[in-house]
Amino acid sequence: MLYCDLAIFTRVAEHLSFTEAARVLSLPASRVSRRVAALEEHLGQRLFERTTRSVRLTLEGRALLDRCGAAVESLDFALATGTRPDPGGHIRLTAPPLAARKTIGPKLLDFMAQRPDVSIEMMATNAMLDFIRDGLDLAFRLDPIPDSALIRRPLWQVSYGLYAAPDLLTRHGLTATMDRATFDKLPKIVTRQTWLFDGCERAPRNIAHRIDELELAAAAVRRGLGVGLMPCGMLDEGLVRLSVEGLAPAPRMMNAVYPSRRFLPQRIRDLIDWMTA
């Protein structure tokens, strides 16, 4: 009975509707409501906040869904398909353009070669696309991820550094090592990404240009138009990596991100596992 209650709970959580869950499960809505109430009583926790117009997960409900949602889905899948292999399908995903070229892209091509049954549609953009509005199944995003409702799986760490062209330092009579006050006076090239140092966000001062496209921002740094906080290894040789007193650029984690209220199909799990291998 407890498994059945968990299965009913996951359907309500998926649709955020007792009525819709009852329709999908072919059960009376009253029974769905009773079984969820029984599960809450068993756990001693309230799993949903209910009003006459809406249903939403509590923190405890979201935590339970994160722990049991995939397991319930796997059991349902096993009961429905027996020993038949998992079908392929379509995956619509997004990744930052630089990662799409340097890291995500090559791994994705290897996955595509190994899984011809899976069709991939990838959008390379720095914009934070919406999972529902843009029909996404998966996103590859760097920390920080502002939406706490999303589930993320860490993939690998990306190191960052402060870079400047030698010409810019010469014009200002500086070397690669400087104090914070001197650094603050230098012109900055910023992108959509926040500036993180030792885990803390610090807004750059004296912003010269805001450029959303990372490669174009890097080109601006190469031309001596300003200092940039960039992923290590993406810039050409000849640039200077700065050492600023009290400012140590923090690394960022690249994550596979997906909505917490969706159960991941096997093909998406397989892709995420491939990326972490």
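For the structure itself, consult the block above.
The structure reproduced in this document is the subject of the present report. (Residues numbered from 1 in each chain as written. Predicted model: local features only at pLDDT ≥ 70, side-chain atom pairs only at ≥ 80, totals over all residues. Heavy atoms only, no water.)

All right, on to the nonpolar core then. In this structure, Leu138, Phe140, Leu162, Phe183 and Leu242 are the most contacted members of the largest nonpolar core, which totals 40 residues. Contacts of Leu162, omitting those with residues within four sequence positions, involve Phe183, Trp195, Phe197, Val227, Gly228, Leu229, Val240, Arg241, Leu242, Val244 and Pro249. (Core = buried A, V, L, I, M, F, W, Y, C linked by side-chain atoms within 4.5 Å. Buried < 20%, exposed > 50% of the residue type's maximum accessible area, 1.4 Å probe, protein only. Contact = heavy atoms within 4.5 Å.)

For the rest of this paragraph, the subject is the side chain of Asn255. With respect to the helices, strands and loops of the structure, Asn255 is situated in strand β16 (residues 252-259). Here Met253 takes part through its backbone oxygen, which lies 3.0 Å from a polar atom of the side chain of Asn255. With residues up to four places along the chain from it excluded, the contact list for Asn255 reads Ala139, Phe140, Arg141, Leu142, Asp143, Ile145, Arg152, Arg153, Pro154 and Leu155. (Helix = DSSP H or I, 4+ residues; strand = E, 2+ residues; numbered from the N terminus. Polar contact = N/O pair within 3.5 Å; in protein donor to acceptor, adjacent residues only side chain to side chain.)

Moving on: the sheet that holds strand β5 (residues 138-142). The mixed open sheet is built from 5 strands, whose spatial order is β4-β3-β5-β16-β6. The sheet terminates laterally at β4 (118-124) and β6 (150-158), the two strands that pair on one side only. Across this sheet, the average inter-strand angle for adjacent strands is 20°, counted without regard to direction. By the bridge criterion, 8 bridges tie β6 to β16 in an arrangement that is antiparallel. By the bridge assignment, Ile151 is partnered in β16 with Tyr258. The strands touched by helix α6 (residues 104-114) are β3 (89-95), β4, β5 and β6; relative to β4, the strand with the most contacts, the crossing angle is about 165°. (Pairing = 2+ DSSP bridges. Axes fitted to C-alpha atoms, helices over the stretch in contact; angles between N-to-C directions.)

Strand order in the open sheet made by the 5 strands is β12-β9-β13-β7-β14, with mixed pairing throughout. Each edge of the sheet is formed by a strand with only one pairing partner; in this case those strands are β12 (207-210) and β14 (240-241). The sheet strands contacting helix α9 (residues 214-222) are β7 (160-164), β9 (188-190) and β13 (227-231), and the helix crosses β13 at an angle near 135°.

Attention now moves to the pattern of salt bridges. Summed over the entire model, instances satisfying the criterion amount to 16 salt bridges. Linking Glu14 and Arg11 is a salt bridge whose minimum nitrogen-to-oxygen distance equals 3.8 Å. Pair noted here: Glu14 and Arg11 are both in helix α1 (residues 2-15), with a separation of 3 residues, about one helical turn. Residue classification places Glu14 among the partly exposed positions, given a relative accessible area of 30%. Note on Arg11: relative accessible area 16%, which makes it buried. Arg46 is the partner of Glu49 in a salt bridge, and the nearest nitrogen-oxygen pair spans 3.7 Å. Among the ionic contacts, a cluster of salt bridges with common partners joins Arg115, Asp117 and Asp270. (Salt bridge = Lys/Arg side-chain N within 4 Å of Asp/Glu carboxyl O.)

Let's shift gears to unusual backbone geometry. The omega torsion across Asp143 and Pro144 is -5°, close enough to zero to call that bond cis. With respect to the secondary-structure elements, Pro144 resides in the loop between β5 and β6. For Ser26, which is not glycine, the phi torsion reads 60° and is therefore positive. Position of Ser26 among the secondary structure elements: in the loop between α2 (18-25) and α3 (29-43). Residue class for Ser26 comes out exposed when judged on its relative accessible area of 65%. One non-glycine residue, Asn206, adopts positive backbone phi at about 55°. Following the sequence through the fold, Asn206 ends up in the loop between β11 (200-201) and β12.

The next thing to look at is the pairing of β3. Taken together, the 7 bridges between β3 and β4 define a ladder with parallel strand orientation. Its bridge partner being in β4, Leu93 is matched across the sheet by Met122. As paired strands, β3 and β5 are joined by 2 bridges and run parallel to one another. Paired with Thr94 across the bridge in β5 is Ala139.

The next thing to look at is the packing of aromatic side chains. Two descriptors summarise a pair of aromatic rings, namely the distance from one centre to the other and the angle between the planes of the rings. As enumerated under the stated definition, the model contains 4 aromatic pairs in all. On the basis of an interplanar angle of 55° and a centroid distance of 5.5 Å, the ring pair of Phe9 and Phe48 is categorised as tilted. Taken together, the residues span a long stretch of sequence, with Phe9 in helix α1 and Phe48 in strand β1 (residues 48-50) at a distance of 39 residues. On the basis of relative accessibility, which here comes to 0%, the residue Phe9 falls in the buried class. Each ring, one from Phe18 and one from Phe48, has its centre 5.7 Å from the other, and the planes form 65°; the classification is edge-to-face. Remark: Phe48 occurs in strand β1 and Phe18 occurs in helix α2; sequence separation between them is 30 residues. (Phe/Tyr/Trp six-rings, centres within 6.5 Å; stacked < 30°, edge-to-face > 60°.)

Scope: geometric values only; no functional claims are made or implied.
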